[in-house]
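Below, each chain spelled out in residue letters.
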Amino acid sequence: MPAQAWVTLIVGVLAVVGVALTIRQRTVADKRAQAWDRITWCLDHTLSKDDDEAELGWDVYATVTDSPLITKTEEAVLVAVADRAIRSTVAELVDTEDTDNQNDQEGPR
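Residues numbered from 1 in each chain as written. Predicted model: local features only at pLDDT ≥ 70, side-chain atom pairs only at ≥ 80, totals over all residues. Heavy atoms only, no water.

Q: Tell me about the nonpolar core, and please be specific about residues and values.
A: In this structure, A35, I39, C42, Y61, V64, I70, L78 and A82 together form the largest nonpolar core, which totals eight residues. Listing elements by their share of this core, those giving two or more residues are α1 (3-46), α2 (51-64) and α3 (72-106). Broken down by element, the residue count for this core peaks at three residues, all from α1. Not counting the four nearest positions on each side in its chain, A35 is found in contact with V64 and I70. (Core = buried A, V, L, I, M, F, W, Y, C linked by side-chain atoms within 4.5 Å. Buried < 20%, exposed > 50% of the residue type's maximum accessible area, 1.4 Å probe, protein only. Helix = DSSP H or I, 4+ residues; strand = E, 2+ residues; numbered from the N terminus. Contact = heavy atoms within 4.5 Å.)

Here you go:
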């Protein structure tokens, strides 16, 4: 086999490998974008005034954030969002309890 045929064969194989890697990279990027679309949908629902819709958002959020497509940095962001939501909920509960106790202590006027 002449040298030119070997060069052509090697270039052809490298081109096929390059195309395969490009397709794989694009597929992973598309899947990651879809995962973030799902997470955004979940976060939008967790902010709902409707308790059932917010609960659905958190249930789906817990499932979607377990995706292997999420990087460590993105995972840290999602944990921060969940922590913030928990602190906000706890603060609301504490405020409600304080208000209830104050009303009980005042007595009838």
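Now that the structure has been shown, the text picks up again.
Q: I'd like a description of the layout of surface pockets, backed by residues and values.
A: Reported here for the largest pocket is a volume of approximately 540 Å³. Secondary structure elements with two or more residues in the lining of the largest pocket: α1, α2 and α3. The biggest single contributor to the lining of the largest pocket is α3, with nine residues. Of the residues assigned to the lining of the largest pocket, the class counts are nine nonpolar, four polar and four charged. (1 Å grid on protein atoms, 1.4 Å probe; cavity = no way out; pocket = protein on both sides within 12 Å on 5 of 7 lines; lining within 4 Å. Points joined across faces, edges and corners; volume = space filled by probe spheres on them. Nonpolar A, V, L, I, M, F, W, Y, C, P; charged D, E, K, R; others polar.)

Q: An account of the packing of α1 against α2 is needed here, citing residue identities and associated values.
A: Between two packed helices, what matters for the description is the angle formed by their axes and the separation of those axes. α2 packs onto α1 with a crossing angle of 150 degrees between their chain directions and a minimal axis gap of 7 Å. By the criterion of interaxial angle, the relationship of α1 to α2 is roughly antiparallel. As α1 packs across α2, the resulting crossing turns out to be left-handed. Taken together, the residues of α2 that come into contact with α1 (itself represented by A35, R38, I39, W41, C42, L43, H45 and T46) are E53, A54, L56, G57, W58, V60, Y61 and V64. A class-by-class count of the residues in the contact of α1 with α2 yields eleven nonpolar, three polar and two charged. (Axes fitted to C-alpha atoms, helices over the stretch in contact; angles between N-to-C directions. Parallel < 35°, antiparallel > 145°, perpendicular 65-115°, else oblique. Left-handed = near helix turned anticlockwise from the far one by under 90°.)

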